[in-house]
Amino acid sequence: MSETVFPPDRMAYWRSHAWLAVIAMVGAMGILWVTGNPHVWTGAIGGLAAIGLRGGYLMSDEMTRVWKLGDTTINGPYQQIIPLADVAELNRLGSTVQIVTHDGHKYLIKYQPDPGATLNAIERAKV
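A quick note: this is a predicted structure, and the numbers were derived from the prediction, not measured.

Peer 1: How would you summarise the sheet that holds strand 1 (residues 4-6) if you had to cite specific residues and measurements?
Peer 2: Spatially, 4 strands are ordered 1-2-3-4 in an open sheet, and the strand pairing comes out antiparallel. With partners counted over all chains shown, the strands left at the sheet margins are strand 1 and strand 4 (80-83), one partner each. Between one strand axis and the next, the sheet turns through 20 degrees on average, direction left out of account. Pairing between strand 1 and strand 2 (residues 67-69): 3 bridges, direction antiparallel. Across the sheet, Val 5 pairs through a bridge with Lys 68, a residue of strand 2.

Peer 1: I'd like to hear about helix 1 (residues 10-34), residue by residue, with values.
Peer 2: For helix 1, built from 25 residues, the straight-helix expectation of 36 Å at 1.5 Å per residue is met to within 8% by its first-to-last C-alpha distance of 36 Å. Where helix 1 is concerned, the buried positions are Ala 12, Tyr 13, His 17, Ala 21 and Leu 32. Those residues of helix 1 hidden inside the fold are in contact with helix 2 (42-62). Where helix 1 starts, the residue carrying a side-chain oxygen 3.3 Å from the main-chain nitrogen of Met 11 turns out to be Asp 9. Positioned one or two residues after helix 1, Gly 36 has a phi angle of 85 degrees, which is positive.

Peer 1: Please give an account of the pattern of salt bridges that cites residues and values.
Peer 2: Within this structure, the stated rule accounts for 3 salt bridges. Between Arg 65 and Glu 62 there is a salt bridge; the shortest N-O distance is 3.5 Å. Linked by salt bridges that have partners in common, Asp 61, Glu 62, Arg 65 and Lys 110 make up one network.

Peer 1: Kindly report on the pairing of strand 6 (residues 96-101), identifying the contributing residues and their values.
Peer 2: Most of strand 6 sits inside the fold, with 6 of its 6 residues counted as buried. The alternating pattern of strand 6 places Thr 96, Gln 98 and Val 100 on one face and Val 97, Ile 99 and Thr 101 on the opposite face, and all of these are buried. The pairing of strand 5 (residues 87-93) with strand 6 spans 6 bridges and is antiparallel. Bridging from a neighbouring strand, Asn 91 pairs with Gln 98 of strand 6. Relative to strand 7 (residues 106-109), strand 6 is paired through 4 bridges, and the arrangement is antiparallel. Bridge assignment links Gln 98 to a residue of strand 7, and that residue is Leu 108. Two successive antiparallel strands, strand 6 and strand 7, enclose a turn made up of 4 residues, where Gly 104 displays a positive phi of approximately 95 degrees.

Definitions and cut-offs
Residues numbered from 1 in each chain as written. Predicted model: local features only at pLDDT ≥ 70, side-chain atom pairs only at ≥ 80, totals over all residues. Heavy atoms only, no water. Pairing = 2+ DSSP bridges. Helix = DSSP H or I, 4+ residues; strand = E, 2+ residues; numbered from the N terminus. Axes fitted to C-alpha atoms, helices over the stretch in contact; angles between N-to-C directions. Expected span 1.5 Å × (residues − 1). Buried < 20%, exposed > 50% of the residue type's maximum accessible area, 1.4 Å probe, protein only. Contact = heavy atoms within 4.5 Å. Polar contact = N/O pair within 3.5 Å; in protein donor to acceptor, adjacent residues only side chain to side chain. Salt bridge = Lys/Arg side-chain N within 4 Å of Asp/Glu carboxyl O.

This is the structure:
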């Protein structure tokens, strides 16, 4: 089996941040409304600005986190090595695939353009 590479996808990254922005905007507006602030609409601007700044700031780092699936291991950024035999569970969380080992360690392969295909590739390699 050749090595399969799972690089992060820029569009999946921004889609995830768009959803975070919606949640932040609604949450900030809700907090302002509950506290009686007459300018509830400013929560939407604050939530959008916060997530937009976060997304812009972290993108260069997140786009370098490439995972590789080999014959017997999954190799991640920062010298993370997960033996396929240790993979107990695979979960899909939006554009992310979560790997849970038998020891309970959890790893995230984030911002996948097709997380279902990533999950299936790992499942096939485990067999």
